[in-house]
Amino acid sequence: MPIDLRSDTVTRPTPAMLEAMFRAQVGDDVFGEDPTVNQLEAMAARLFGMEAALYCPSGTMSNQIAIKCHTQPGDEVIAERNAHVYIYEGGGIAFNSGSSVRALEGDRGRITAEQVSLAINPDDVHRPRTSLVTLENTCNRGGGSCYDFDEMKKIRQVCSDNHLKLHLDGARLFNALVATGKPAREYGVLFDSISVCLNKGLGCPIGSILIGPAAFIRQARRVRKVLGGGMRQAGFMAASGLYALEHHIDRLAEDHAHARQIAAALEKKDFVHSVMPVETNIIIFETGDTVDCAKGLSQELRQKGIFCIAIGGNQIRMVTHLDVTPEMVGEVIAVIEQL
Ligand SMILES: *Cc1c(COP(=O)(O)O)cnc(C)c1O
C-alpha cells in the first residue's frame, strides 16, 4: 500500500463518517429545506460567532463567491503572490469578478499590514479601485505557516481605515486554530468573510463553508446558484461536515506531530538543502540546485511507495492527514534514512 503524502485532500471517509452520512435527514437545499445542510451552516456560523454560512461544493467556489460579492468589475484585489486564490483557482478572479490582482511578496505566504497599506491605489481614475484584501491561513505555499494574530489585526485596521473588505481563505484554518490555540470566534470578529475547507484535514469527501454576515451570505447564495453550485439533497454530504466538526478538529494535532517527525528525518539528510519551518501538517523542503531535481527525488520516493509532489524545480511538498497512521510515518522515516 503506497503512503500518499501528496495532499490532505486524498482522505476517504471513515466508517463512522459514512454511517453519519447514510443516516442524514435530507431535503431540497435549493429550496432551503435540507435540515442537515441548515444544521451545518448554523453550526459553522455559531463556531465563528458570525451570522450565517453557506455550504459550497469546494473551497475554490467559496473563495470565488466571496471575491465576487466583495468586488465590482475593474476593481483590484490585494493578495500574496503564491495565494491559492491567485495561482490555483484557474484565473477565477479575472474570470468571475473581472478584477485584477496586486500580488505581494510575503514571508512564507504571509503579508504585513504595512505592505497592504502601500499597495492600496489612490483615488485616481487611472488606477483600478482597490476593494478587497485576501489572506490565507494556514498558507499552503508557505509550508503550512500560520499568521501572527496581531498582524492580522493590524491588516484589519488598515482595511477599515480604507473601506476595504477582508476575506480569509481558511482552507486549513482549523490547522492554524489547533496549532496556535486561538478560538475561532476571534477570527469571526476580524474578517468580513471566511472560507473553510471540509475536504482537507477534516477528512470529508467534498465541501467547504463560507461564513459571514447575513446580508453577505444572502448575496453569496445567489452567486452560488449562478455558478451552478446549488445542490439538492446535499445533506448526505453536509452530514460528513457535521461529523468532521465534531470529531476531526482536535486530532489535527496528530498530523502536525507527524509532519514534525518527518521534517526532523529530512533535516538530517545531505541531499536536503533546507526544510521550511513546520508549523502544521505541511512539509516543504528544498533539494539540490539543478532544474527538476525535485521531480527525480519524488519519482524515487514513488518507487519506494511514498507519494509526494514536486512543486517548483527544487521543492518537494509532503502533507500529513487523517489516513496517515503512526506506522506509516515510521515507514516514511525509514525510507528517508536509507536514501
Ligand atoms: C485546497 C485549497 C483551497 C480550495 O480547494 P478546493 O480543492 O477547491 O476545495 C483554497 N485555498 C487553499 C489555500 C487550499 O489549499
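The rules we used
Residues numbered from 1 in each chain as written. Predicted model: local features only at pLDDT ≥ 70, side-chain atom pairs only at ≥ 80, totals over all residues. Heavy atoms only, no water. Helix = DSSP H or I, 4+ residues; strand = E, 2+ residues; numbered from the N terminus. Buried < 20%, exposed > 50% of the residue type's maximum accessible area, 1.4 Å probe, protein only. Lys, Arg positive; Asp, Glu negative; His and termini not counted. Charge placed at Lys NZ, Arg CZ, Asp CG, Glu CD. Pairing = 2+ DSSP bridges. Axes fitted to C-alpha atoms, helices over the stretch in contact; angles between N-to-C directions. Near = heavy atom within 4 Å. Areas by Shrake-Rupley, 256 points an atom, 1.4 Å probe, with all protein chains shown as cover. Core = buried A, V, L, I, M, F, W, Y, C linked by side-chain atoms within 4.5 Å. Contact = heavy atoms within 4.5 Å. Polar contact = N/O pair within 3.5 Å; in protein donor to acceptor, adjacent residues only side chain to side chain. Domains from an automatic or database assignment. Buried area = accessible area lost by both parts, 1.4 Å probe. Salt bridge = Lys/Arg side-chain N within 4 Å of Asp/Glu carboxyl O. Nonpolar A, V, L, I, M, F, W, Y, C, P; charged D, E, K, R; others polar.

1. Examining the overall build of the chain
Across its full length, the chain holds 14 helices and 13 strands. Taken along its principal axes, the extent of the C-alpha atoms in the chain is 55 × 55 × 35 Å. Taking all 339 residues of the chain together, 55% fall into the buried category. Computed over 34 positive and 41 negative side-chain charges, the inter-centroid distance for the chain is 4 Å.

2. So, the sheet that holds strand S9 (residues 272-275)
Taken together, the four strands give an open sheet; going across it, the order is S9-S10-S13-S12, and neighbouring strands pair in antiparallel fashion. Each end of this open sheet is capped by a strand with a single partner; those strands are S9 and strand S12 (309-311). This sheet shows a mean twist of 35 degrees between the axes of neighbouring strands, independent of strand direction.

3. Thoughts on the site of the ligand
What surrounds the ligand is a group of 13 residues, the closest being Gly59, Thr60, Asp169, Arg172 and Lys200. About the coverage of the ligand: the protein hides 87% of its 380 Å² of free accessible area. No other element matches the three residues that helix H3 (residues 59-70) contributes to the shell around the ligand.

4. Re the nonpolar core
Here is a general trend for soluble globular proteins: nonpolar side chains tend to be buried in one another's company. Formed by 56 residues in total, the largest nonpolar core has its most connected members in Phe48, Leu135 and Tyr187. Residue contributions to this core peak at six residues, all from helix H11 (residues 235-247). Residues in contact with Leu135, not counting those within four places in the same chain, are Ile111, Tyr147, Met152, Ile155, Leu166, His167, Leu168, Asp169 and Phe191. Ile3, Ala259, Ala265 and Val335 belong to the second-largest nonpolar core, a separate cluster that totals 25 residues.

5. Focus: the sheet that holds strand S2 (residues 52-56)
Strand order across the open sheet formed by seven strands is S2-S8-S7-S6-S5-S3-S4, with mixed pairing between neighbours. Each having just a single partner strand, S2 and strand S4 (100-104) make up the two edges of the open sheet. Neighbour-to-neighbour, the strand axes of the sheet open up by a mean angle of 20 degrees, direction not taken into account. Where S2 and strand S8 (residues 208-212) come together, five bridges link them in antiparallel fashion. Counterpart to Leu54 in the pairing with S8 is Leu210.

6. As for the side chain of Ser7
Within the element layout of this structure, Ser7 appears in the loop between strand S1 (3-4) and helix H1 (15-22). Among the polar contacts made by the side chain of Ser7, one reaches the side chain of Thr9 at a distance of 2.8 Å.

7. Considerations on the domain arrangement of the chain
Per the domain assignment, the segments of the chain are domain 1 (15-247) and domain 2 (251-338). Between domain 1 and domain 2, the contact holds 20 residues from the first and 15 residues from the second. Buried surface at the junction of domain 1 and domain 2, both sides included, amounts to about 1,400 Å², of which 55% is carbon and sulfur. Its largest share of buried area at the contact with domain 2, domain 1 owes to Arg108, Arg141 and Asn175, together 33% of the area lost on that side. Run the count over domain 1 and domain 2 and you get two salt bridges. Here Arg108 and Glu279 are joined by a salt bridge, their closest N and O atoms 3.0 Å apart. Summed over the shared surface of domain 1 and domain 2, the number is five residue pairs in polar contact (both at pLDDT 80 or more). Classifying every residue of the side of domain 1 that touches domain 2 gives six nonpolar, ten polar and four charged.

8. So, the side chain of Glu76
Structurally, Glu76 is set in strand S3 (residues 76-80). Taking relative accessible area as the criterion, Glu76 reaches 8% and is therefore assigned buried. At 3.3 Å, the side chain of Glu76 and the side chain of Arg102 are in polar contact. Side-chain polar atoms of Glu76 contact the side chain of Asn121, separated by 3.1 Å.

9. What to know about the pairing of S3
With five of its five residues buried, S3 lies for the most part within the structure. Residues of S3 alternate between two faces, with Glu76, Ile78 and Glu80 on one and Val77 and Ala79 on the opposite face, all of them buried. As judged from the five bridges shared by S3 and S4, these two strands associate in the parallel manner. By the bridge assignment, Val77 is partnered in S4 with Val101. Here S3 pairs with strand S5 (residues 130-136) via three bridges, running parallel. Within the sheet, the bridge partner assigned to Ile78 lies in S5 and is Val133.

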